[in-house]
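Spelled out from the first residue to the last, the chains are:
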Amino acid sequence: LSTNNNYEYIRKIPLLNSSTESLPSKVCSYIEECASLCCPKDIYICDGSDTEYEHLLNFLEKNGTISPLPKYENCYDFNIWLARTNPADVARVEKRTFISTECKRDTIPIPREGVIGELGNWISPGDMDKAILERFPGCMKDRTMYVIPFSMGPVGSPFSKIGIEITDSAYVVCCMRIMTRIGKNILETLGNDDFVKCLHSVGVPKSDSKVEINSSWPCDPERTIILHRPDKNEIVSYGSGYGGNSLLGKKCFALRIGSTIAKNEGWLAEHMLILAITDPKGRKRYITAAFPSACGKTNLAMLKPTLPGYKIECVGDDIAWMRFDQEGRLRAINPENGFFGVAPGTNCITNPNAMKTIFKNTIFTNVAATSDGGVFWEGMEEEISDDVEITDWRGKKWTRGSKTPAAHPNSRFCTPIKECPVIDPGWEDPAGVPIDVIIFGGRRPEGIPLVYQARNWQHGVFIGASMRSEATAAAEHTDKVIMHDPFAMRPFFGYNFGHYLNHWLSMTKVKNAKLPAIFHVNWFRKNADGQYLWPGFGDNSRVLDWILRKIDGENIAVDSTVGLLPKSESFNLENLSKDVNMEELFSLPKSFWEKEVRHLREYFDMQVGDDLPTDIREELELLACNVDKL
Ligand SMILES: O=C(O)CSc1cccnc1C(=O)O
Ligand SMILES: [Mn+2]
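Quantities reported herein were computed from a predicted structural model and do not represent experimental measurements.

Focus: the sheet that holds strand S19 (residues 362-365)
Spatially, the five strands line up as an open sheet ordered S2-S3-S19-S24-S18, and their pairing is mixed. Unpaired on one side and paired on the other, strand S2 (66-68) and strand S18 (338-342) mark the two borders of the sheet. Between one strand axis and the next, the sheet turns through 20° on average, direction left out of account. Two elements, S2 and strand S3 (residues 80-83), share three bridges in a ladder whose sense is antiparallel. Bridge pairing in S3 links Ile66 to Ala83.

Topic: the site of ligand 1
Close contacts around ligand 1 come from 14 residues, with Arg92, Tyr242, Gly244, Lys251 and Ser293 the closest. Within the contact set of ligand 1, an oxygen atom lies 2.8 Å away from a side-chain nitrogen or oxygen of Arg92. Side-chain polar atom of Asp318 to a nitrogen atom of ligand 1: 3.3 Å apart, as the coordinates give it. Considering ligand 1 on its own, with 350 Å² of exposed area, one finds that the protein chains cover 97% of that surface. Elements that contribute at least two residues to the shell around ligand 1 include exactly helix H8 (243-246) and helix H9 (249-265). When grouped by side-chain class, the residues that make up the shell around ligand 1 number four nonpolar, five polar and five charged.

Brief notes about a negative patch on the surface
The grouping of Glu381, Glu382, Asp386, Asp387 and Glu389 at the surface amounts to a negative patch. Position of Glu382 among the secondary structure elements: in the loop between strand S21 (375-376) and strand S22 (390-391).

Comments concerning the coordination of the manganese ion (ligand 2)
Coordination of the manganese ion (ligand 2) by the protein involves Lys251 (NZ), His271 (NE2) and Asp318 (OD), with metal-donor separations of 2.1 to 2.3 Å. Counting gaps between the donor residues of the manganese ion (ligand 2) yields the pattern K-x19-H-x46-D. Highlighted residues: Lys251 in helix H9 and Asp318 in the loop between strand S15 (311-316) and strand S16 (320-324), separated in sequence by 67 residues. By relative accessible area, which is 6% here, Lys251 ends up buried. Take Asp318: its relative accessible area is 9%, and that puts it in the buried class.

Considerations on the nonpolar core
The nonpolar side chains of a soluble globular protein tend to be buried, and buried together. Phe364, Trp377, Ile439, Phe440, Phe487, Trp504 and Phe604 are the most contacted members of the largest nonpolar core, which totals 173 residues. With nine residues, helix H6 (residues 170-179) is the single largest residue contributor to this core. In terms of nonpolar packing, the next biggest core, distinct from the first, is built from 35 residues, Cys34, Met145, Ile162 and Leu190 among them.

The rules behind these values
- Position labels on residues start from 1 in each chain and follow its written sequence.
- Here every chain gets a letter starting at A, and every ligand a number starting at 1, in the order they are written.
- Local features in this predicted model are restricted to residues whose pLDDT is 70 or higher, and side-chain atom pairs enter the listing and the counts only when it is 80 or higher, whereas totals over whole chains, interfaces and linings include all residues.
- As a convention, hydrogens and water are excluded, and side-chain values are obtained from all of the structure's heavy atoms.
- Two strands qualify as a pair provided DSSP detects at least 2 bridges between them.
- A run of DSSP states H or I qualifies as a helix once it reaches four residues; a run of E qualifies as a strand once it reaches two. Both are numbered from the N-terminal end.
- Each axis is a line fitted through C-alpha atoms, taken for helices only over the stretch in contact, and angles between the N-to-C directions span 0 to 180 degrees.
- We call a residue near a molecule or strand when any one of its heavy atoms sits within 4 Å of it.
- Pairs of N or O atoms are called polar contacts if they sit within 3.5 Å, as long as, within protein, a hydrogen donor faces a hydrogen acceptor (for residues adjacent in sequence, only side-chain-to-side-chain pairs).
- Using a 1.4 Å probe, the Shrake-Rupley method yields the accessible areas, and only the shown protein chains count as cover for residues.
- Each residue receives one of three labels: charged for Asp, Glu, Lys and Arg, nonpolar for Ala, Val, Leu, Ile, Met, Phe, Trp, Tyr, Cys and Pro, and polar for the others, Gly being one of them.
- Distance thresholds for patches are 9 Å for like charges and 5 Å for nonpolar side chains (Val, Leu, Ile, Met, Phe, Trp, Tyr), applied to residues having over 30% relative accessible area and no salt bridge.
- Salt bridges are counted wherever a side-chain nitrogen of Lys or Arg sits within 4 Å of a carboxyl oxygen of Asp or Glu.
- Asp and Glu are treated as the negative residues and Lys and Arg as the positive ones, with His and the ends of the chain left uncounted.
- Charged side chains are reduced to one point each, which is NZ for Lys, CZ for Arg, CG for Asp and CD for Glu.
- Note on donors: an N, O or S atom is included if it sits within 2.8 Å of the metal, or within 3.2 Å for Na, K and Ca, and water is never included, so sites can look incomplete.
- For every residue, the accessible area obtained with a 1.4 Å probe (protein chains only) is divided by the maximum for its type, and the residue is called buried under 20%, exposed over 50%, and partly exposed between those limits.
- Among buried residues, those of type Ala, Val, Leu, Ile, Met, Phe, Trp, Tyr and Cys that are joined through side-chain atoms within 4.5 Å constitute a nonpolar core.

Take a look at the structure:
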């Protein structure tokens, strides 16, 4: 991107609501670079005001991108909207997501000869520039260029980082207002400091594009590309208007660029929920948990415990930025300001608090609509009357029992965190909240016990590195293959996974570090008949109860092949909603674990190779040795 500081483009193009004099010079230069490349008809600097939001929603409604949902009282006052995308633009596109570094190995470990790398995609700086110049010149012709100053994290917190997203999508502005902190005050906080540069365009399809054009959701799926340049703190995204591809504060900034900043500055940017749990004695602790996409982070973050005397409050459901403070306590913030949660499967049983959160100030995307002016998705069958008619996410009439889903499996609600009835009072504490426990988990139907604890930090890092889970709809996958998803970060690493592991291992060297205890959970184990062995949902509070009692020193665990397992009878199963075969739930079948060790050894050898830290190799060999003794 050229730097043209006499702002000839900004002077030529109407700056609708600002002036170059009122903007920090680095912001002006960035706008100039982007305007000279994209050639918009005008430029609008977002201020985050309610008036602005109303104008943008009005614009989106007029061009058919969103429609109101009158079933919910005062839908206009409460700003509840339904957006439908082009069916070709419905999820993150991992194959088109790249990290650019001079040296390829800074981005990804070199996979073994002939093996397709699964730990991210590298692109050379030259090819990144070429990809930009093939797509962006003039792409914003006849469109407004929106400039979104935003903060990831509470404005002014020492944890927080500022970005500027430039986009031609009013939908992105509306969602970024919900998901991040946006507005002119961010520019005052920024001053003349550096910021993360985020350029986005929904693109303009070529004349020979095969994709059906939908004027209310412009996109260019055939040429979509999401590019990151960590050494310049730059993100460039083209062709998709949806979710993690376009709301650049989320996955692109808070995880991919965020993880590289965190490595350089000595902290951790992770794909984790943050929750507060208060036990019956009134002691409050904070827990983070990394589960792969669509594996229940939002459900756990807002859990309604079935165990009496417990309370769970939400700090965040998807991203945690964590650093050790002067006293050696690991403190975390949720850098986001909203939830962008999976709608299907959310109902008053699975997540009652989510259902109390999402019907105010929310933009739903690709859920189904009902004839009484509401929304519907798979899992809501008991929550709508039988006589309402349903229109599916594509805008077609949908009949109950249809083979195709009414709502897209990756359909989302986008809602301000402040709407959550169980939001933790400390969720915006600029110093972050103190973390006592880190949990890794996944969707594993076989062989993995309900919960076990790592013997120490290094063993915990190995457990995180070994995470596998059934694939979900969050990114193009549909079959139930068990995928490796280390730290639930596989699609979001900003740099070489082997270096990431070393960075985690290096936390033991932090002065006075009070390292949190690390656990692994699996709510999804099934018996031979395919039934879930554990009721899950509110009863997962029993697992958290065991974890807290364990870190409080109760003698309720016994070492095992995989780590510290609960002693029998140490779980609180009082009034459990169903009979549970605890023996099967915690069994460690030798054949399964021999296979698991083989998968891990193959994965580490083929995908990580020489970049695998020795400590992790040693943990794998210790596990293999223990499995042999089963
Ligand atoms: O970004 C999308 O299109 C869906 S993916 C997503 C959205 C919110 C939170 N997490 C994820 C994810 O894939 O982890
Ligand atoms: Mn996520």
